[in-house]
Amino acid sequence: DTEVTQTPKHLVMGMTNKKSLKCEQHMGHRAMYWYKQKAKKPPELMFVYSYEKLSINESVPSRFSPECPNSSLLNLHLHALQPEDSALYLCASSQDLSTSESRQFFGPGTRLTVL
Amino acid sequence: TQLLEQSPQFLSIQEGENLTVYCNSSSVFSSLQWYRQEPGEGPVLLVTVVTGGEVKKLKRLTFQFGDARKDSSLHITAAQPGDTGLYLCAGAGTGGFKTIFGAGTRLFVKA
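Keep in mind that this is a model prediction, so the values were computed, not measured.

Cut-offs and rules
- Residues numbered from 1 in each chain as written.
- Chains lettered and ligands numbered in written order.
- Predicted model: local features only at pLDDT ≥ 70, side-chain atom pairs only at ≥ 80, totals over all residues.
- Heavy atoms only, no water.
- Disulfide = S-S within 2.5 Å.
- Helix = DSSP H or I, 4+ residues; strand = E, 2+ residues; numbered from the N terminus.
- Buried < 20%, exposed > 50% of the residue type's maximum accessible area, 1.4 Å probe, protein only.
- Contact = heavy atoms within 4.5 Å.
- Buried area = accessible area lost by both parts, 1.4 Å probe.
- Salt bridge = Lys/Arg side-chain N within 4 Å of Asp/Glu carboxyl O.
- Polar contact = N/O pair within 3.5 Å; in protein donor to acceptor, adjacent residues only side chain to side chain.
- Nonpolar A, V, L, I, M, F, W, Y, C, P; charged D, E, K, R; others polar.

Summed over the entire model, instances satisfying the criterion amount to two disulfides over all chains. C23(A) shares a disulfide with C91(A); S-S distance 1.9 Å. Since a negative S-S torsion denotes a left-handed disulfide, the C23(A)-C91(A) link at about -70 degrees is left-handed. Here C91(A) lies in strand β9 (residues 87-94) and C23(A) lies in strand β3 (residues 18-25), a separation of 68 residues in the sequence. C91(A) carries the same exposure label as C23(A), and that label is buried. C23(B) shares a disulfide with C89(B); S-S distance 2.0 Å. The S-S bond linking C23(B) to C89(B) shows a torsion near 75 degrees; that makes this disulfide right-handed. Of this pair, C23(B) sits in strand β3 (residues 19-24) while C89(B) sits in strand β9 (residues 85-93), and the two are 66 residues apart along the sequence. When its relative accessible area of 0% is taken as the criterion, C23(B) is described as buried. We classify C89(B) as buried; its relative accessible area is 1%. This cysteine, C68(A), is not joined by any disulfide, and C23(A) carries the nearest cysteine sulfur, 9.3 Å off.

Moving on to unusual backbone geometry. The omega torsion of the bond from T7(A) to P8(A) falls at -10 degrees, within 30 degrees of zero and hence cis. Looking at the secondary structure, you find P8(A) in the loop between β1 (4-7) and β2 (10-13). With an omega of -10 degrees, the peptide bond running from S7(B) to P8(B) counts as cis. Mapped onto the elements of the fold, P8(B) is located in the loop between β1 (5-7) and β2 (10-14). Backbone geometry at K40(A) places phi at a positive 65 degrees, although glycine is not the residue there. Residue position: K40(A) is located in the loop between β4 (31-37) and β5 (44-50). Judged by its relative accessible area of 69%, K40(A) falls in the exposed class. At R69(B), a residue that is not glycine, the phi angle is positive and equals roughly 60 degrees.

On the side of chain A, 21 residues touch chain B, which itself brings 23 residues to the contact. Of the roughly 1700 Å² buried between chain B and chain A, counting both surfaces, carbon and sulfur atoms make up 59%. Along the contact surface separating chain B from chain A lie one salt bridge. The partner of E41(B) in a salt bridge is K9(A), and the shortest N-O contact between them spans 3.1 Å. Counting across the chain B and chain A interface gives five residue pairs in polar contact (both at pLDDT 80 or more). Among the elements of the structure, β4 (29-37), β5 (44-49), β9 and β10 (99-101) of chain B are those that each provide at least two residues to the side of chain B that touches chain A. With five residues, β4(B) is the largest single contributor of residues to the side of chain B that touches chain A. Its residues placed into classes, the side of chain B that touches chain A shows nine nonpolar, 11 polar and three charged.

Set out below in structure tokens:
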């Protein structure tokens, strides 16, 4: 099983709403990632978790709050977002953070629209 | 700062033509990945190259890693409309574990 799943597929929310994006993998990977991708641009790294601990926060605004409940799950909690936060949010996982095993497997993404 | 430059940025060709996409850097990468992404979907891993000079084939796709591990190429033979998509190269730096993405090559194959 080389699948990373993400829910929901699409999400529309207002600027005062609180919502969560979910990601799951069952490959036994110990590193999980959140990326943000705007149209016609490559993915931009937001957060990296390694062994369920936050390893990298790429100076992401606090209105984005990641959570890793266990080694298979990764959440992204959203609160008070801005319209410019509308994007495709991608989750990825890799075996671990060592450079020799860095290839990442991506989920299908959540298309987020902030009104 | 490690950067990956992809070229061309956009390519529109007829079915049956061959093409090559390049991914270049002034930095050494311990490995490079190539992904293909369709609109609204996540990137799908095509291949990982690790050894300098390595060549890998995936049906009509040929991937090469430069001898110095600073560049890579993707060659598609007899392109088909199903090859249409965004091709991304990504590399793991030698100094850390953060993955660097190229800007992508948008390929459109006309039937």
